[in-house]
Amino acid sequence: MLNLKTNKNMEGKRLLVIGLIGLFVSCSNTPQPAKLCTVDVEGAMENSGELKLSQLASDVRYVPLETTDSCLIGANPNILLLDKQIVVYSNKECLLFNKVDGKFLCRLGHGGDDPEAYSYPVPFYNEHNEMFYFKREPEWLQKYDASGRYQGKLKIPTPPAMPSEFSFMDSLVIGHYNNIAMGYAPRALLLFNEKGEEVDTVPSLLPVLSKKEVSDIDNINVKRLDDMMIVLTRFKDGGYMAGIGGRTFLWNSKGETRFKESFSDTVFTVRRSELAPYIVFKTGKWHWGAEARTDSKDNEKRLLIGEVFESPQAIFFQCICGLYTNEPEMLNGIYNRKSGMTYVSPEKNGIIDDINGFMPFHPKACSPQGEYAGLVEAGEAVDWLKEHSELARNSKYSALKGLTEDDNPVVVIAKP
């Protein structure tokens with residue numbers, strides 16, 4: 001465990017964290033602390049097969065989002081699933097819908113240059129005060145309530161650096177810097193209060209890499225894998241650097257804050273006084289050590305653990321195989337907490353709906369209560385219902401009656 005109290009010896013703190021990672025990640029035979037969950041990814045890779053929705057949920061329902069001129073959803077949307085609402089955001093705006101019937105509730109803020117505007121329509125929800133926070137460059141968080149009313153701004157105490165994502169713990173805001181260390185040890189987490197006062201920082205959990213300059217860069221390539229954006233930088237010495245966007249590395253679950261850094265196989269629980277290891281992904285021969293994260297050799301034999309969603313019954317995770325190759329592959333994984341079994345399958349296959357027999361499920365969000373959610377374009381749902389007319393008459397799909405191909409997407413909610 002890592003003490004988060006301010007410590008002048010930041011290098012010592014960093015080494016302590018790195019030691020923890022070595023202890024919990026690379027040594028699978030070491031006795032594990034109570035409540036530490038070990039996910040056997042290596043074993044699942046040897047016996048991959050179909051993933052079934054019943055491994056994640058016991059019930060599935062469909063919520064068509066209301067479609068009017070006031071709430072048209074843009075291309076490539078993302079969602080947040082909350083206790084009572086569904087938040088849908090694209091590159092243009094952020095919209096709030098009722099979770100029960102999909103009715104449009106309000107627009108959350110707006111982009112622009114005026115005093116109440118934000119820089120990006122990406123929301124961060126604080127369940128403690130029920131506010132939505134949006135980044136405003138270079139050093140602010142804009143706040144809106146669930147009725148779309150502006151509630152002021154909060155200064156981030158680290159200008160000009162801006163954390164990539166935020167989570168909330170009691171009266172504290174936690175910012176995560178999703179970066180890769182090249183020649184220095186940047187901070188991974190920033191803890192500050194609603195007054196904009198820094199409370200503590202946590203250095204990056206990754207070992208420091210050799211310093212690189214702009215003149216060392218050979219080329220930069222941007223790839224999309226599913227809805228994830230990968231920025232690959234190749235250096236003249238043959239090394240790589242990967243920046244990953246569109247994935248969450250800091251999230252809330254059942255009132256606790258989880259944290260996972262890129263190129264680490266460990267998920268931590270963030271508390272006021274410690275970082276406590278919570279989940280370890282045992283990758284074995286597929287392990288990609290943080291010290292080798294710029295090395296492209298044997299890349300097709302390495303796994304990078306990415307998105308992690310959790311419920312009381314299961315853990316859903318995604319991993320990338322061959323990140324630095326020409327054709328990286330995304331894999332889905334499910335860990336059953338009760339049986340201890342882990343299952344892995346290509347993401348392109350989705351998760352087979354063996355509950356209602358609907359289209360394959362692709363999780364895009366998970367609520368703090370443990371519900372999983374996916375998005376289906378209305379046109380795709382309409383085509384499926386036409387092709388499966390014998391199933392479409394089932395009451396399970398009653399919410400989809402009257403759906404047209406021009407409507408907003410349908411949210412599929414899988415409940416544990």
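Just above, that's the structure.
Turning our attention to the overall build of the protein chain. Counting secondary structure elements, the protein chain contains four helices and 28 strands. When each of the 416 residues of the protein chain is scored for burial, the buried share is 52%. Across the protein chain, every contact between residues at least 6 apart in sequence was considered, and the portion connecting residues at least 24 apart equals 53%. Surface exposure of the protein chain reaches about 18,800 Å², of which carbon and sulfur atoms provide 48%.

Another aspect to go through is the sheet that holds strand 2 (residues 59–64). The four strands lie next to each other as 2-28-27-26, forming an open sheet whose pairing is antiparallel. Either end of the sheet is taken by a strand with one partner, and the two such strands are strand 2 and strand 26 (365–366). Both strand 2 and strand 28 (residues 410–415) contribute to a ladder of six bridges, which runs antiparallel. Bridge pairing in strand 28 links D59 to K415.

All right, on to the nonpolar core then. Looking at soluble globular proteins, one finds that nonpolar side chains tend to be buried together. Ranked by size, the top nonpolar core spans 29 residues in total, and within it Y62, I351, F358, Y372 and L400 carry the most contacts. Among the elements that line this core, the one with the most residues is helix 3 (residues 378–387), at five residues. Not counting residues up to four positions away in its chain, the partners in contact with F358 are Y62, D353, V376, A381, W384, Y397, L400 and V412. The next biggest cluster of nonpolar side chains, apart from the first, holds 21 residues, and it includes W286, V308, C321 and Y335.

Burial along strand 18 (residues 250–253) is two-sided: L250 and N252 and W251 and S253, pointing in opposite directions, are all buried. Pairing of strand 18 with strand 19 (residues 256–259), which is carried by four bridges, proceeds in the antiparallel orientation. Bridge pairing in strand 19 places L250 opposite F259. Counting the residues in the hairpin turn of strand 18 and strand 19 gives two residues, including K254, whose phi is positive at 55 degrees.

Moving on: unusual backbone geometry. Note that the residue after E137, namely P138, is joined by a cis bond; omega there is 5 degrees. The topology assignment puts P138 in the loop between strand 8 (131–136) and strand 9 (140–144). Phi is positive for D170, which is not a glycine, with a value near 55 degrees. If you trace the backbone, D170 turns up in the loop between strand 11 (165–169) and strand 12 (172–176). Backbone geometry at K254 places phi at a positive 55 degrees, although glycine is not the residue there. Considering the arrangement of structural elements, one finds K254 in the loop between strand 18 and strand 19. Among the residues examined, K254 registers a relative accessible area of 56% and is labelled exposed.

Moving on to the packing of aromatic side chains. This model, assessed by the stated rule, comprises 17 aromatic pairs. Grouping aromatic residues by their ring pairs yields a cluster made of Y62, F358, W384 and Y397. Directly above the ring of Y278 sits R258, whose terminal nitrogen or CZ lies 3.6 Å from the centroid.

Conventions adopted
Residues numbered from 1 in each chain as written. Predicted model: local features only at pLDDT ≥ 70, side-chain atom pairs only at ≥ 80, totals over all residues. Heavy atoms only, no water. Helix = DSSP H or I, 4+ residues; strand = E, 2+ residues; numbered from the N terminus. Buried < 20%, exposed > 50% of the residue type's maximum accessible area, 1.4 Å probe, protein only. Contact = heavy atoms within 4.5 Å. Areas by Shrake-Rupley, 256 points an atom, 1.4 Å probe, with all protein chains shown as cover. Pairing = 2+ DSSP bridges. Core = buried A, V, L, I, M, F, W, Y, C linked by side-chain atoms within 4.5 Å. Phe/Tyr/Trp six-rings, centres within 6.5 Å; stacked < 30°, edge-to-face > 60°. Lys NZ or Arg CZ within 6 Å of the ring centre and 35° of its normal.

Any link to function would need more than the numbers given here.
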